[in-house]
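Tertiary structure, described
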Amino acid sequence: MKKINRAAVASLIAAGAMLALSCGQKKVANTRESFTPTQGWNLYMPGTNNKDDVRDDLAKSGWLTGDKYAPHFSLVDADEGGRKVLKLNTLDGVNDAIVLPLSGNEKKVSLMFKAQGAVDPDKTTTPFGILYAFVQKGGYQTLLRHNSSNQIKGSKNQSRLTEDGKSSGKKIDIVSDWHDYIMVFDVANPEAMTAKLIIDGVVRHEDICKKTNNDGALDFADGSSYLLGDGNYLEFGENDGSTNGFGRYAYLLVVVDDDIENMSVEEIGKKVNADLTKAPSCTKDPGPQSKRPAKKPAGINMQAAEIGKPDSYVDRSAIENGTIDLSCLPYSQNETKIISTAPALPKIEFAAKVGENEQYKTIASAIEAVPEGSAILIQPGLYYEKLVITKPGITLVGTNPANTIIYGYEADTGGIDGNILVEVNYLPKGTKTEPGASASIPEKPAENAYFNAANITFYNKGAEWNKQWGGAERRSETLGLKGVDKSYIENCVFLGQQDTIYFRSGRIYMKNCYIEGDVDYICGGATTVFDNCHIHTLPYANGGIIVAAASADTGYSSTAQFANGYVFKNCLITADDQQLEQKDGKRVTLGRGTWVGGSATKDSSTGKIVYIGCDFGQALNTKLWNDWDSTNTVEKAFFRVHGAKGEGASVTSSAADLTAEELALYSDNEKILGFVPSLVMSK
């Protein structure tokens, strides 16, 4: 467990004489021994001690807090009757917490409260963290916290909050509604402490302790300190460091060395002579407001202070005069070494042309006008469009990927399906694609169920947009394919971050393309051949992941025999220099799987990733593949590397190689895909 953010508790609200220190040291308040440890039953009813001053109100119940970050804790009206509720709000990104001293002789510490949280209005379904509490006993700590993925995490494991408390089923809404919480910390043996979370009488998570090294102190505005270190105390608030917190608490009840786990709320309330059952309304206190500006900008220029940050989510350069410098790309400043800026146009009869001096000014209007199976020529221009293409057989051809750019800001809704710049979906309306619903997928693909593209840059600036208004959503997909049977993509540039391309099914051939991103930036369950493509990993503090392989969720039985996964042939695999500077484990992983979150097991039981004759840079992890989770592990997946070259080739020597039979399959594009790749598709 990381150290407490000591700056979050600023000024000590408790009596205590100051100890004299030697010259050069800061003053230190009487250490933790100065404070009377809580004993028995300690009930804090907000506003009982002081309706106007939350710090004084908490202090008179024994809780230590301060004034430097006072806005994080406040008293708000519970209802018309004058009741108060304690509110925690750390949506400014600065963590804060309150502390209750303990003696160190406790055998059991229970924390009970009634609470209501909130959903992030900018992500529609993502909750803010509602609880974070731990007991520190000497050098050991047992912790429970709720995060934005609606999980309860401890020192060792995690549990998803679902209706039945298991790993499947409807998620329990612990943020929009009021619920009763009991956190039970068994602390008799410091080396074997446990933590348990009970919500509305149901055990939702259990965890064990972790040895810590809390050698810091609570620093106060007057220069004094309250020495905690490896002490004895209960901390509550929001100190996760990664999840902003928001919660309203009707009361806080701490019980020492008594068992309340099997008592009802009514019984506990009688014990402390208080009504703990009534849920406040808080009608006068609005929940968190959206940070998102009303209108997305036509372009965003990053601030100079953000340049060079390893985990910055904004462009390092801009589109200038409608052109992207392909030798110094936006964000990565990387060079697309295989992209042609003067490609020969195919001999195709175009059903429509798009551009400033053409009949159609937008790509969407041209697609709407042409019949199925049509090709559209796109002249140079910045096309600020989010496309949802449902008309089968569309081919989009640009003239130069440096200045034929489809761009937009699609990363502000959360969830992978809400962040796609260009979405191609040829499934009939109403088709279910969730896991287990494959029976409703048509037996055969629709006529002309292909999508082709050439000489275009797909640029999703959504993650950059999020950065400007305080969001953290990095999913910024450029192209998503669903229900597409065949696809041919040539000389295209794909600029995103997480999940840059999302191919849920079908058979795709990509030639001479450039793709960049940071995590799972090639994902889904399609069979895709990347032929002579440039794959570049952006800097990411936790390490880049190229592929999240899944089994097809919208595959057709007629093409099931071609579920051959993601195949990289003669590709250039590079990464940002900052990734090379990271320690092993924080560099680049070739792939992980099998991903089951967005793809159902239908045509294949496992994801597949194959690299053949690829040129690898130096920034690879020695562990080339990651498990998706404890169930979908590397051992169950089909991951292969054959004929590696380049500076990173030696790292790949630990990977499994292809057998002679497998090599014969993966050396032949037609065998992999089941068709001869061509920009001009046959029905």
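Presented here is an overview of the structure given in this document. As the structure is a prediction and not an experimental result, all values here were calculated from the model.

Assigned secondary structure in the protein consists of 7 helices and 45 strands. Burial analysis of the protein (683 residues in total) assigns 56% to the buried set. Within the protein, counting contacts between residues at least 6 apart in sequence, those at least 24 apart form 69% of the total. For the protein, the accessible area works out to roughly 27400 Å², and carbon and sulfur atoms hold 47% of it.

What follows covers the environment of Leu590. Relative to the helices and strands, Leu590 is located in strand β41 (residues 588-595). Between the alpha carbons of Leu590 and Ile609 there is a distance of 8.6 Å; along the sequence they are 19 residues apart. Other than its neighbours up to four places away in sequence, Leu590 contacts Ile546, Val547, Tyr611, Phe616, Leu620, Leu624, Trp625 and Val641.

Let us look at the sheet that holds strand β40 (residues 572-575). Reading across from one edge, β22-β25-β28-β31-β34-β37-β40-β43 is the order of the 8 strands in this open sheet, with parallel pairing throughout. This sheet does not close on itself; its edge strands, each paired only once, are β22 (381-384) and β43 (615-616). Summarising the sheet, strand β28 (residues 457-460) and strand β31 (residues 493-495) pair through 3 bridges and their orientation is parallel. Among the inter-strand pairings, Thr457 is bridged to a residue of β31, identified as Val493.

Glancing now at the pattern of salt bridges. All chains considered together, the criterion is met by 15 salt bridges. Between Lys84 and Asp77 there is a salt bridge whose closest N-O contact spans 2.8 Å. For Lys84, a relative accessible area of 17% translates into the label buried. A residue is classified by how much of its surface remains accessible, and Asp77, at 30% relative accessible area, is partly exposed. The salt bridge partner of Arg248 is Asp285, with a shortest N-O separation of 2.8 Å. On the criterion of sequence distance, the pair formed by Arg248 in strand β19 (residues 246-256) and Asp285 in the loop between α2 (265-271) and β20 (352-354) is long-range, its members being 37 residues apart. Residue class for Asp285 comes out buried when judged on its relative accessible area of 12%. What emerges from the salt-bridge pattern is a single network uniting Asp79, Arg83 and Lys278.

In this section: the pairing of strand β45 (residues 638-642). Most of β45 is tucked away: 4 of the 5 residues are buried. Inspection of the sheet shows strand β42 (residues 608-612) paired to β45 by 5 bridges, in the parallel sense. Note on β45: the bridge partner recorded for Tyr611 is Val641.

Judged by nonpolar contacts, the single largest core of 63 residues is most densely connected at Phe451, Met510, Ile522, Phe568 and Tyr611. Dropping the residues within four chain positions of it, Met510 is found in contact with Ile489, Phe494, Ile501, Phe503, Ile515, Thr528, Val529, Phe530, Asp531 and Cys533. Ranked by size, the runner-up nonpolar core spans 40 residues in total, among them Trp63, Ile98, Ala133 and Ile199.

Cut-offs applied
- Residues numbered from 1 in each chain as written.
- Predicted model: local features only at pLDDT ≥ 70, side-chain atom pairs only at ≥ 80, totals over all residues.
- Heavy atoms only, no water.
- Helix = DSSP H or I, 4+ residues; strand = E, 2+ residues; numbered from the N terminus.
- Buried < 20%, exposed > 50% of the residue type's maximum accessible area, 1.4 Å probe, protein only.
- Contact = heavy atoms within 4.5 Å.
- Areas by Shrake-Rupley, 256 points an atom, 1.4 Å probe, with all protein chains shown as cover.
- Pairing = 2+ DSSP bridges.
- Salt bridge = Lys/Arg side-chain N within 4 Å of Asp/Glu carboxyl O.
- Core = buried A, V, L, I, M, F, W, Y, C linked by side-chain atoms within 4.5 Å.

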